[in-house]
Amino acid sequence: MPEPLKYVLDESRLPTRWYNVVADLPAPPPPVLHPATHRPVGPDDLAPLFPPALIAQEVTAEREVEIPEPVRDIYRQWRPSPLYRARALERALQTPARLYYKYEGVSPAGSHKPNTAVAQAFYNREAGIRRIATETGAGQWGSSLAYAGARFGIEVQVFMVRVSYDQKPYRRALMETYGARCVPSPSPETAAGRAILARDARHPGSLGIAISEAVEVAAGRDDTKYALGSVLNHVLLHQTVVGLEAMAQMELADDWPDVVIGCTGGGSNFAGIAFPFLGAQLRGGRRVRLLAVEPSACPSLTRGRYAYDFGDTAHLTPLTAMHTLGSTFTPPGFHAGGLRYHGMAPLVSHVKALGLLDAVAYPQTACFAAGLEFARAEGIVPAPEANHAVRAAIDEAIRCREDGVSRAILFNLSGHGHFDMQAYADHLAGRLVDVPYDEAELAMALAGLPSVPPPAPHGRTGSPT
Ligand SMILES: Cc1ncc(COP(=O)(O)O)c(C=O)c1O
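Cut-offs applied
Residues numbered from 1 in each chain as written. Predicted model: local features only at pLDDT ≥ 70, side-chain atom pairs only at ≥ 80, totals over all residues. Heavy atoms only, no water. Buried < 20%, exposed > 50% of the residue type's maximum accessible area, 1.4 Å probe, protein only. Helix = DSSP H or I, 4+ residues; strand = E, 2+ residues; numbered from the N terminus. Pairing = 2+ DSSP bridges. Axes fitted to C-alpha atoms, helices over the stretch in contact; angles between N-to-C directions. Contact = heavy atoms within 4.5 Å. Expected span 1.5 Å × (residues − 1). Near = heavy atom within 4 Å. Polar contact = N/O pair within 3.5 Å; in protein donor to acceptor, adjacent residues only side chain to side chain. 1 Å grid on protein atoms, 1.4 Å probe; cavity = no way out; pocket = protein on both sides within 12 Å on 5 of 7 lines; lining within 4 Å. Sits in = over half its atoms within 2 Å of the grid points. Nonpolar A, V, L, I, M, F, W, Y, C, P; charged D, E, K, R; others polar. Parallel < 35°, antiparallel > 145°, perpendicular 65-115°, else oblique. Core = buried A, V, L, I, M, F, W, Y, C linked by side-chain atoms within 4.5 Å.

Further remarks concern the pairing of strand β9 (residues 224–227). The alternating pattern of β9 places T224 and Y226 and K225 and A227 on opposite faces, both of which are buried. Alignment of strand β6 (residues 131–136) against β9, held across 4 bridges, turns out to be parallel. Note that in β9 the partner of A133 across the bridge is Y226.

Looking now at the sheet that holds strand β7 (residues 155–161). Read from one edge of the open sheet, 4 strands run β8-β7-β6-β9, paired in parallel fashion. Each end of this open sheet is capped by a strand with a single partner; those strands are β8 (181–185) and β9. Going across the sheet, the axis of each strand differs from the next one's by a mean of 25°, ignoring polarity. Relative to β7, β6 runs parallel, the two being bridged by 6 bridges. For T136, the partnering residue across the bridge sits in β7 and is M160. The strands touched by helix α6 (residues 140–152) within the sheet are β6, β7 and β9, with β6 carrying the most contacts at an inclination of about 160°.

Quick look at helix α5 (residues 114–126) now. The first and last C-alpha atoms of α5 sit 18 Å apart over 13 residues, in line with the 18 Å expected at 1.5 Å per residue. Extensive coverage of α5 is indicated by the burial of 11 of its 13 residues. For α5, every residue scored as buried is listed here: P114, N115, T116, A117, V118, A119, Q120, A121, F122, Y123 and N124. One or two steps after α5, the chain reaches G128, where phi turns positive at roughly 80°.

A few words on the site of the ligand. Close to the ligand lie 17 residues, the nearest being S230, G265, S268, N269 and S414. Here an oxygen atom of the ligand and a side-chain polar atom of K113 are 3.3 Å apart. When atom positions are compared with the pocket grids, the ligand is found to occupy the largest cavity. Looking at the shell around the ligand, its residues break down into 3 nonpolar, 12 polar and 2 charged.

Running from N to C, helix α15 (residues 364–378) and helix α17 (residues 421–428) point in directions that differ by 105°, and their axes come no closer than 11 Å. Between α15 and α17, the interaxial angle falls into the category roughly perpendicular. Side by side, α15 and α17 meet where T365, F368, A369, G371, L372 and R376 of the first sit next to A423, Y424, H427 and L428 of the second.

Let us now look at the nonpolar core. Counting 70 residues, the largest nonpolar core has W18, Y75, V118, F275, F277 and V348 as its most contacted members. When residues in this core are grouped by element, the largest group, 8 residues, is from helix α12 (residues 268–282). The residues touching Y75, leaving out its near neighbours within four places in the chain, are L14, W18, I67, P114, N115, V118, H238 and V241. By size, the runner-up hydrophobic cluster in this structure holds 43 residues, among which are A307, I409, F411 and L449.

Here it is, written out as C-alpha cells:
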C-alpha cells in the first residue's frame, strides 16, 4: 500500500460547531471602544452595520457556536476540504520534515473566504436584509460574498481596491458573474471616496479606504448591511471550520503538527487553522508553535504598534486594540492584495500580545519563488497571499534538513492563484520587485494614532477614558 497523499473526511465529519478561542485564553481581549466616547461599544452601536446574530457572535465567550444547517448544506459542496501530505515537495527539498497543507482553494470562489461569506449571508438573510456592501482587496473576498449573495438571494455591492481592480479584471468578472456590482475604490459614490479622489485622482486605494466606503453605504441605508471578510471575531470564528477539520485529518494521519503556519492579511485564514490547535494546547494538549506570515511591505504584526486604532481610513469604525501601522498608512502596490491591510485582527493581536504566536515578514519575490517551487512539486498554483505561508513552510522544512530533525509542519494553502497569473508572469519575466514601504509615511501614520490609553498588558480590559 503506497503512503497516503491526502486525508479526506466524509461529509458526515463536517464540523457541527465553530470554535471560539476566547473561551480558552488566559485573559479576555480588550474591549472595542466607541470612537467618540472611548467607552466600550454595545450591540446598539453595531446594529446599523450587522445583523443581531453576528453581533452576538462578535462578543460571545462560549467555546462553541452551532453552525446552522443551511450553512452546513452549502459547506458540504466543497467541505471537508482535503489535507495533503506534500510528499513531492518534501522530496524536492530533501527534508526529513513532514509537510502537510490544508487546501482551501477547492471552494467555489477559490479560497477560504466562502467559509465566512456563506455564514454572513445566511444571518443577514435571516434578519431580512436584502443588500450587503463590502470591500475587497485582491477580489477573493468580493467574489466569495458575491457567490454567497447569489445562494441566498442578496444583492452585493463590492468596493474593490483600485490597484487590484486594475490588476485583476477577471476577479471583477467573477463577481459580476455571480450578480454583484463591483466599483473601484476610492470611488465617487461615497463622501469618503470623493474626499480622497479630490486630493489624488489616481490614488491606488487601500483596504482601509474601501472599508470606509462600504461602511458609509451600509450606515446610510436601512435595507443595507455591511460585511467584512476578515479581522472581526465572528469572521475568525467561522474560519475555525478549517482547523477543526485539520485536527481530525492529522489524527487520520496519526500525526500532530509541531508548527502551524498561515499568511496574515486581516488574520482570518491563519486564525482559522491555528486557533483550534491553540485551544487544544491551552486545554492541556500538546504544545504547538503558531507562525503568522506577513508581507514585509505591510508588516502590521512585526513592525506595527499594539494600540487602539480605527479599522478604516475615514474613521467610521469603532476603535479596536490591534497591531497597526496606522489607519492612514497606504502600503505600496504589491501583488498579494489581500495582505494590504494596515491592521491585524484584534484576536490575533491579542494572542500575539499574550506571547502565544510568532510572526515573520517576507518580501514578495521570495514568496513567489516559493510559490513556483510548490507549484512545480505539488502541481497547485497558490494565491500570492498563500505564497507567504508556503515560503515560511519551506524555510521551516529547510531548517529541519539543516538540523537533521523531522518536525511536522502544517500550513494553510488559503487559495489558488488562477486569477493571479499576471503576477506569476511578471515574476517569471523578472519584472517583480520588492517595493519597501515608506518609513516616513509609517512614522506619520503611527503619530496619528488616536489618543486612547494603550491596551493593558496581557489583554486585561484597559481603562478607557
Ligand atoms: C487566498 C487568500 N489568502 C489570505 C488572504 C488574507 O486574508 P486573511 O488574513 O483574512 O486570511 C486573502 C485575502 O484576500 C486571500 O485571498
